[in-house]
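Summary of structural features
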Amino acid sequence: MSSTQTFFFAAVGDVHGHMHRMVSHLTAWEERNRKPLDFVLQVGDFEPHRDDADLTTMAAPMKYRHLGDFAAYHQRRRRFPWPLYFIGGNHEPYGHLDLHPEGASLAPHCHYLGRTGVVELNDLRVAGLSGIHREATFTKPRPPLASMGDVSNKDFTFFNEQDVERVLALGHADVLLLHDWPAGIIPPEEAANFEGLRRSANPELVGNEYARLLVDALQPQLVLCGHLHRRYASTVQHPNGQQSRVRCLASLDQGADAFAVFRVHGTTLQEVSEQA
Ligand SMILES: [Zn+2]
């Protein structure tokens, strides 16, 4: 980051197809605060289903399979008011997203960052890693897209070693988008509050070690994540004195806890706490 301009951007937790609700919440924020958002970052489980065929490629129990709002944006009946960038979570139509492992624009103002990706937004370098961690297949390639339907949809929801190496190769990022939380951000005394939310391979851990590795290596000013449907804030202190702020966001049906707005001025990035 180098410029001295001031701008605002928003971060959004798991959307699960509720794009209309996301747009109305953020549009209301802009109106109340009389500030435009320059862009929106989203941390996965966006669920951009174009149609029922996309929906069948998502890993989720039947009761969670809903088409959601995305088709309206894809068919240009609605439009996102600002450019939106998202990574993939563990509930996504990977039959569609994996046609674009390097990322793609899926609708006007709607960009998938890819299995791994990076984008420069107003001099802010934003990197992302799609998917969640599974130790058993971490060193293996994902199944080819052609096997979709023959293997479990779940097999497409994981990042692997190659993805992590690609993000490491980016060297530095100002903002890092992850779906699951980095490990080691919960102090031991708070661990009991996360009972039942531990989805890591290591039952002692919330989050995963590879997400943490990326935070330690890229030392972003800001890490954004979702997945656990819980709002949480933490800081990772790096040995060189740098700090990474970690902002975990709730899911959209939990209301305001799914959102955060940040103000960037020059090289300073601050979370905006809204006045009542
Ligand atoms: Zn979710």
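Residues numbered from 1 in each chain as written. Predicted model: local features only at pLDDT ≥ 70, side-chain atom pairs only at ≥ 80, totals over all residues. Heavy atoms only, no water.

The chain appears in an unreviewed UniProt entry as RNA lariat debranching enzyme from Pseudomyxococcus hansupus.

**Notes on the overall build of the chain**
Across its full length, the chain holds six helices and 13 strands. For the chain, the C-alpha radius of gyration of 18 Å lies close to 19 Å, the compact-globule estimate for 276 residues. Overall, the C-alpha framework of the chain stretches about 50 × 45 × 35 Å when taken along its three principal axes. Buried residues in the chain amount to 52% of all 276 residues. In the chain, of all internal contacts separated by at least 6 residues, the share reaching a separation of at least 24 is 71%. Carbon and sulfur atoms make up 49% of the accessible area of the chain, which totals about 12,200 Å². Across the chain, the centroid of the 26 positively charged side chains sits 4 Å from that of the 33 negatively charged ones. (Helix = DSSP H or I, 4+ residues; strand = E, 2+ residues; numbered from the N terminus. Rg over C-alpha atoms; globule rule 2.2 N^0.38 Å. Buried < 20%, exposed > 50% of the residue type's maximum accessible area, 1.4 Å probe, protein only. Contact = heavy atoms within 4.5 Å. Areas by Shrake-Rupley, 256 points an atom, 1.4 Å probe, with all protein chains shown as cover. Lys, Arg positive; Asp, Glu negative; His and termini not counted. Charge placed at Lys NZ, Arg CZ, Asp CG, Glu CD.)

**Looking at the environment of Asp-14**
Residue position: Asp-14 is located in the loop between strand E1 (6–12) and helix H1 (19–33). In contact with Asp-14, other than residues within four places in its own chain, are Gln-42, Val-43, Gly-44, Asp-45, His-179, Gly-226, His-227, His-229, Ala-250, Ser-251 and Leu-252. Here the side chain of Asp-14 touches His-227 through a polar contact of 3.0 Å, landing on its backbone nitrogen. (Polar contact = N/O pair within 3.5 Å; in protein donor to acceptor, adjacent residues only side chain to side chain.)

**A word on the coordination of the zinc ion**
Binding of the zinc ion to the protein goes through Asp-14 (OD), His-16 (NE2), Asp-45 (OD) and His-229 (NE2), at separations of 2.0 to 2.7 Å. One way to put it: the four donor atoms around the zinc ion meet at angles of 86 to 169°, and that makes the site irregular. Counting residues between consecutive donors of the zinc ion along the chain gives the motif D-x1-H-x28-D-x183-H. Here the residue His-16 occupies a position in the loop between E1 and H1, and Asp-45 occupies one in the loop between strand E2 (37–42) and helix H2 (52–55), the gap between them amounting to 29 residues. The exposure class of Asp-45 is buried, given its relative accessible area of 1%. (Donors = N, O, S within 2.8 Å, 3.2 Å for Na, K, Ca; no water. Tetrahedral: all angles 85-135°; square planar, octahedral: opposite > 155°, others 65-115°.)

**So, the environment of Met-19**
Locating Met-19 in the fold gives a position in helix H1. For Met-19, a relative accessible area of 0% corresponds to the buried category. Sequence separation of Met-19 and Ala-53 is 34 residues, and the distance between their C-alpha atoms is 19 Å. Leaving out residues up to four positions away in the same chain, Met-19 has contacts with Phe-46, Glu-47, Pro-48, Asp-69, Phe-70, Tyr-73 and Phe-80.

**Section: the nonpolar core**
Among the nonpolar cores identified, the biggest contains 32 residues, and Met-22, Leu-26, Phe-46, Phe-70, Phe-80 and Trp-82 are the most heavily contacted of them. Among all residues touching Leu-26, those that are not within four sequence positions of it are Ala-10, Val-12, Leu-37, Val-40, Trp-82 and Phe-259. Among the nonpolar cores identified, the runner-up in size contains 25 residues, and Ala-127, Phe-159, Leu-228 and Cys-248 belong to it. (Core = buried A, V, L, I, M, F, W, Y, C linked by side-chain atoms within 4.5 Å.)

**Considerations on unusual backbone geometry**
Only a minority of non-glycine residues have a phi that is not negative, and only a minority of peptide bonds are not trans. Here the phi dihedral of His-109 falls at roughly 65°; this positive angle occurs in a residue that is not glycine. Its place among the elements puts His-109 in the loop between strand E4 (104–107) and strand E5 (110–112). Residue His-109 is classed as partly exposed on the basis of its relative accessible area, which comes to 23%.

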